[in-house]
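Spelled out from the first residue to the last, the chains are:
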Amino acid sequence: MKEFEIIKKYFSSLSKNNPASLYLNDDVFFDRSKKLVISVDTYVEGNHFLDFKNPDLVIKKILRSSISDLICKGVKPQYYFISGSGNKKSFSKKNLRLISRALKSEQKKFGIKLCGGDTTNSSKLSFTFVSIGFSTKIIKRNNAKINDDIYVTGELGDSFVGLNILKKKIVLNTTEKKYFTRKYYLPDLKTNLVNFILHHANTSIDLSDGLISDLKKMLNNQNLSYTINFEDIPVSKFLEKLIRDKKISFKNVVSRGDDYQILFTADKKKSRIIQNISDRLNLRITKIGNIIASKNGPLIINKKGNKIKDFYKGFEHQF
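Here the structure is a predicted model, which means the values were calculated and not measured.

Trainee: If you had to explain the sheet that holds strand E8 (residues 224-229) to someone new, which residues and values would you point to?
Mentor: Reading across from one edge, E7-E9-E6-E10-E8-E11 is the order of the six strands in this open sheet, with mixed pairing throughout. The sheet is open, and its two edges are formed by strand E7 (203-206) and strand E11 (299-301), each paired on a single side. Pairwise comparison of adjacent strand axes, ignoring direction, gives a mean angle of 25° for this sheet. Two elements, E8 and E11, share three bridges in a ladder whose sense is parallel. For Asn-229, the partnering residue across the bridge sits in E11 and is Ile-301. Each of strand E6 (149-153), strand E9 (262-266) and strand E10 (285-293) touches helix H9 (residues 271-281); the most contacted strand, E10, lies at about 155° to it.

Trainee: An account of a positive patch on the surface is needed here, citing residue identities and associated values.
Mentor: Taken together, the side chains of Lys-93, Lys-94, Arg-97 and Arg-101 make up a positively charged region of the molecular surface. Secondary-structure assignment places Arg-97 in helix H3 (residues 93-110). When its relative accessible area of 45% is taken as the criterion, Arg-97 is described as partly exposed.

Trainee: Can you tell me about the packing of helix H2 (residues 55-71) against H3, naming the residues and giving the values?
Mentor: Put simply, H2 and H3 touch, their axes get as near as 8 Å, and they point 40° apart. Compared by their axis directions, H2 and H3 come out oblique. The handedness of the crossing between H2 and H3 is right-handed. On H3, the residues that touch Pro-55, Asp-56, Ile-59, Lys-60, Leu-63, Arg-64 and Ile-67 of H2 are Asn-95, Leu-98, Ile-99, Ala-102, Leu-103, Ser-105, Glu-106, Lys-109 and Phe-110.

Trainee: Outline the sheet that holds strand E2 (residues 36-44), listing residues and values.
Mentor: The strand order across the open sheet formed by five strands is E1-E2-E5-E3-E4, and the pairing between neighbours is mixed. Looking at strand neighbours, the two that pair on one side only are strand E1 (29-31) and strand E4 (113-121), the edges of this open sheet. Recorded for the sheet is a direction-independent mean angle of 15° between the axes of neighbouring strands. Note: strand E3 (residues 77-86) against strand E5 (residues 126-134), eight bridges, orientation antiparallel. Looking at the pairing, Ser-85 lines up with Ser-126 of E5. Those strands touched by H2 are E2, E3 and E5, and its axis lies near 35° from that of E5. Across the sheet, H3 is in contact with E3, E4 and E5; its angle to E3 comes to roughly 160°.

About the cut-offs
- The residue numbers shown here count from 1 along each chain, following its written sequence.
- Confidence filtering applies because this is a predicted model: local features only for residues at pLDDT of at least 70, side-chain atom pairs given and counted only at 80 or more, and all residues used for totals across whole chains, interfaces and linings.
- With hydrogens and water set aside, each side-chain value is computed from the structure's full complement of heavy atoms.
- Pairing between strands is defined by DSSP: at least two bridges between the two strands are required.
- Here a strand is any run of E in DSSP of at least two residues, a helix any run of H or I of at least four, and the numbering for each starts at the N terminus.
- Here the axes come from fitting lines to C-alpha atoms, over the contacting stretch only for helices, and the angles between their N-to-C directions go from 0 to 180 degrees.
- Contacts: residue pairs with any heavy atoms within 4.5 Å of one another.
- Like charges are joined within 9 Å and nonpolar side chains (Val, Leu, Ile, Met, Phe, Trp, Tyr) within 5 Å, but only among residues with over 30% relative accessible area and no salt bridge; these make up the patches.
- Where accessible areas are quoted, they stem from the Shrake-Rupley method and a 1.4 Å probe; at the residue level, only the protein chains shown are allowed to cover.
- Criterion for a salt bridge: a side-chain nitrogen of Lys or Arg within 4 Å of a carboxyl oxygen of Asp or Glu.
- Asp and Glu count as negative and Lys and Arg as positive, but His and the ends of the chain are not part of the count.
- We put the charge of a Lys on NZ, of an Arg on CZ, of an Asp on CG and of a Glu on CD.
- In this scheme, a residue with accessible area under 20% of its type's maximum is buried, one over 50% is exposed, and one in between is partly exposed, where area comes from a 1.4 Å probe on protein chains only.
- Geometric relationships in this document are graded by angle, where less than 35 degrees denotes roughly parallel, more than 145 denotes roughly antiparallel, 65 to 115 denotes roughly perpendicular, and other angles denote oblique.
- By convention the crossing between two helices is left-handed if the near helix lies anticlockwise of the far one by an angle smaller than a right angle, and right-handed if it lies clockwise.

See the structure below:
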């Protein structure tokens, strides 16, 4: 069974008397009366990260992907808990020092504080993060409006290239390798857009599983669909070069996930505000499509209006 089929069939009914759970169909728990916002994520070696050869970089990636759930909702993360399961090798003194230093650096960068956690001896390495913020409002999934513009922050695809470099599936020069692997380990979170998202987005999600997969999740309880303008999906100059050199295919890289950018919709009347924010912060915010009636979509099209076939839809856990 797929991850979200399991949630819907076995667990959603347990939350029906708890509206703060958002019926297990959003990125966070949100209790408006307590101004409390919480996200929980688990990361397993071999599934969510390749190995633990760089424990400092792995822990930074995990922390950033965890607090990304709050950021995309328009909430500033303030606290986190961490639980780790591993053995003497993974939790050696050297590795623990590297983990501690990395967390200290991330705390300073994002203004967050460690509150507690747990440790367990296990042959399988995994981490669970709980991220906490406070707000009287969040931007929920399933709140898009017909004719909304669809936007994405930053650039997509770099992390997937970085992963494939680490897997030795792509061989690049030293500069390219350093750039892409950094993008894989250190996603560029848009913390300076928290207030903007809260005041101008209609619905939002962070891009973890892939552009199309996450877009579908963002709309999964609405009788709506989308048009994506394929060639408008933003990529970095480094990735543009790889595509030009035919070292990688555009359509097979931009919806692979692990980007942790913010995908959101906004009213067309907000377009000038969004452009002004993008210019003022020198931060890329790209319109990539529109929300349409479900009977007319989904559509992924090129500039000529032709449908793009065999477009990778995204990652989903299978059990």
